[in-house]
Amino acid sequence: KAQSVIITNSEFSGNTTTLDGGAISVNIGTLDVEGTTFSKNKATAATGNGGAIGLFGSAGDTNISGSTFSDNEAGSDGGGIYTTASEVTLTNSTISGNQADNGGGVGLGAAGKFTSQNSTIAFNTATTKGGGVNVPSGGVFMTTSSIIAMNSGGDVDGEAQSGGNNLFGDDTGLTITGGTDDLTNVDPKLAPLADNGGSTFTHALMNDSPALNAGSNTESLTTDQRGDGFLRVAGGVADIGAFEVQQVDTQTTLTVDTTNASFGDPVTFTATVTIADTETPAAGTVTFADANGNVLGTADLDENGVATLTLSDLLPGTTSVTASYAAADGDTFFQPSESDAVDVTITTPFPQGSSFGAGAGGGQAILQDNTGAVLQTVTPFGADFTGGVRVATADFNGDGTPDIVVGNGPGVASKVVVIDGKSGETLFEVAPFEASFTGGVFVAAGDINKDGVPELVITPDQGGGPRVQVYDGGAQFTKIADFYGITDPDFRGGARAAVADIDGDGFGDLIVSAGFEGGPRVAVWNGTTIAEDSTPEKLISDIFVFEDTLRNGAFVTGADIDGDGKAELIAGAGPGGGPRIVAFNGADLLNGQQTLVANFFAGNPDNRNGVPVGVVDYNGDGEPDLLTGTGEPLPGTMGGESTATIYAASGLSDATPTPLDSLEPFPGFTGGVFVG
């Protein structure tokens, strides 16, 4: 009488027979097996079939799910399972490490029928043929979304009727009919048989397994072999085989096309996301953010696991950027990951802060950042010095905080000091001219050689020739130039200087104006020619920025007012003149034309002490702003004022520009204020 046998959550191990079916032999009736392990069972006879299970005679249908067959042996066919005529369906199960003469994992008789669904048949051995499955003439082997690989003696000998999405490690001796999306002659990258959860051992898929997300789930299975808690479809698409990877670690790598750029230039970040320790791309979205968590942008990964973000609005200074990966909503397969940070330094031709120096009768200087916070208040030449302090601002040490350059006014031997805006320590100190020269100095700063570090520029005041010294800020302040900025070596009114990129080539050009008692003559020197062992060359012919009959020189600076990438030349009237500001189009200057694009009075129009000028980013918006001071009263004249007025450079072309701010750095002081 036919019987039905149901076996669940059991273990058959170490059983031996000299007949067939080392653990179970069925000649009549049906068999259902679930969650059971068959290991080290043997059918030892030379004609023994079915090391673990043998199905013979009138055996009915056999259904096996969630089970593992390992290290079983048969003397003849079917080291794990053998069937002569009945139909066996294997679902979510593993057949591994079994051996026989034929069909190391599964052996079929002439009328046997075996179906594998979402199962793994691997590492079995046949001494003759069919290391994984032996299919003789008349036998039927059907397989869907299963791994049959890494078997010794061939993976399948005979025909496999494919339902699709299988992985065959070696197609020698194999004929595949039907099916789509099968993988052949590939290594499935299986981990050793182990306890990976659930009640039976399985072969986990390695991170770089081609079986990942390459299977199907035609039977609508809810779990993999391990049962509850292990989804059959965890990554949007089922994995091939009995084991479903529930989630994989990912790795995110971030690169940038440049680590140093000028403000406004595009910077492209590229994030690559793969499964950890592999080159297999992930899918999802990358968020790019700075060190404060501010999101800079997001981008979806392409089919290669790559996302890019191009930014042209990074603010000056150093920004640390990370890329954070997240899978698509509802996808629990790919785990989040974050890249290491990459630093990008954005430089501008203008500093991110402002300096103010007291004029005649004072000896103090102030450095503030672009929020208006005072960073340093210094008396660099001693409490008794009252000859005034000339200033410039730049970040020489690249710490993101502006530093202040101070040079003394007349009365003592010339001295220039660069002071760290963060610590107040001296970064550099020099006595630029002869000890006998006591006429004072002017200072300027800007990146001339395009290395991302500003250069220091020093010129003498009255009594000195129009001499210019340039010190390389990126080479420990090595002096790289010392020449006459106004080509009149007999002139003794000194000179004033500034750095701005007039021709838009990325190199700061050197602007030099004649000092007091000289005409308002200005020379522009090509920044690419200002270097050690090089002879400076002029970029344009000298021009007069005010009426050529005037003899009070000019103050100079430069900034790109119209956004064409070329700085405009900006001049302020020298001592004794009204606070007139003019600006000339940089592109036209290169073509020999003086096109006036700004012409107005800064601050108090009744002031007749001239107007020192400088360009900084006063308010931190990444755009240049024009600083204007009030010049020192000329000897023998009444005291003046010490007001600094700030204008957005983009608004200078207005007939009467509206100030961004007006302040008195030294309240009550009337000796003028220098700016930089």
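Up top you'll find the structure we're talking about.
This is a predicted model, so every value here is computed, not measured. (Residues numbered from 1 in each chain as written. Predicted model: local features only at pLDDT ≥ 70, side-chain atom pairs only at ≥ 80, totals over all residues. Heavy atoms only, no water.)

**Student:** I tried to follow the packing of aromatic side chains on my own but got confused; where do I start?
**Tutor:** The geometry of an aromatic ring pair is captured by the separation of the ring centres together with the interplanar angle, meaning the angle of the planes. For the coordinates displayed, the defined rule picks out 14 aromatic pairs. Summarising the aromatic geometry, the rings of F114 and F141 are spaced 6.3 Å apart at their centres and angled 40° between planes, so their arrangement reads as tilted. In this pair, F114 is assigned in strand β15 (residues 113-117) and F141 in strand β19 (residues 140-144), connecting sequence segments 27 residues apart. The same class applies to F114 and to F141, which are both buried. Aromatic side chains F396 and F477 sit 5.4 Å apart centroid to centroid with 45° between the ring planes, which places their arrangement in the tilted category. In this pair, F396 is assigned in the loop between β39 (389-394) and β40 (403-408) and F477 in the loop between β45 (467-472) and β46 (478-484), connecting sequence segments 81 residues apart. Among the residues examined, F396 registers a relative accessible area of 7% and is labelled buried. Among the aromatic residues, ring-to-ring pairing joins F396, F428, Y471 and F477 into one connected group. We note R496 situated over the ring of F555; from NZ or CZ to the ring centre the distance is 4.3 Å. (Phe/Tyr/Trp six-rings, centres within 6.5 Å; stacked < 30°, edge-to-face > 60°. Helix = DSSP H or I, 4+ residues; strand = E, 2+ residues; numbered from the N terminus. Buried < 20%, exposed > 50% of the residue type's maximum accessible area, 1.4 Å probe, protein only. Lys NZ or Arg CZ within 6 Å of the ring centre and 35° of its normal.)

**Student:** Sorry, what's going on with the nonpolar core here?
**Tutor:** What tends to happen in soluble globular proteins is that the nonpolar side chains get buried as a cluster. Core analysis: the biggest nonpolar cluster contains 39 residues, and I147, L205, L254, F269, V286, F288 and F334 have the highest contact counts within it. Elements represented by at least two residues in this core include exactly β20 (147-149), β25 (190-194), β26 (202-205), β29 (267-275), β30 (285-290), β32 (306-311), β33 (317-326) and β35 (342-347). For this core, the element with the highest residue contribution is β29, accounting for 5 residues. (Core = buried A, V, L, I, M, F, W, Y, C linked by side-chain atoms within 4.5 Å.)

**Student:** Would you explain the pattern of salt bridges in this entry?
**Tutor:** Pairs can form between side chains of opposite charge whenever their charged atoms are close. This structure, assessed with the given rule, holds 13 salt bridges. Here D542 ties to K538 by a salt bridge, and the two come within 2.9 Å at their closest N and O atoms. Classification of K538 as partly exposed rests on a relative accessible area of 33%. One salt bridge in this structure joins E547 and R580, with 3.3 Å as the shortest N-O distance. Separated by 33 residues along the polypeptide, E547 in the loop between β50 (543-544) and β51 (554-559) and R580 in strand β53 (residues 580-584) bring together distant segments of the chain. Linked through salt bridges whose partners overlap, the residues forming this network are E434, R467, K479 and D482. (Salt bridge = Lys/Arg side-chain N within 4 Å of Asp/Glu carboxyl O.)

**Student:** Would you take a moment to explain unusual backbone geometry for this structure?
**Tutor:** Of all residues except glycine, most have a negative phi; of all peptide bonds, most are trans. Residues other than glycine seldom take positive phi values, yet N118 does so here, at roughly 50°. The residue N118 is located in the loop between β15 and β16 (120-122) in this model. Classification of N118 as buried rests on a relative accessible area of 1%. Its identity as a non-glycine residue notwithstanding, D277 has a phi of 65°, on the positive side. As for its placement among the helices and strands, D277 is situated in the loop between β29 and β30. Using a relative accessible area of 72% as the deciding quantity, one classes D277 as exposed.

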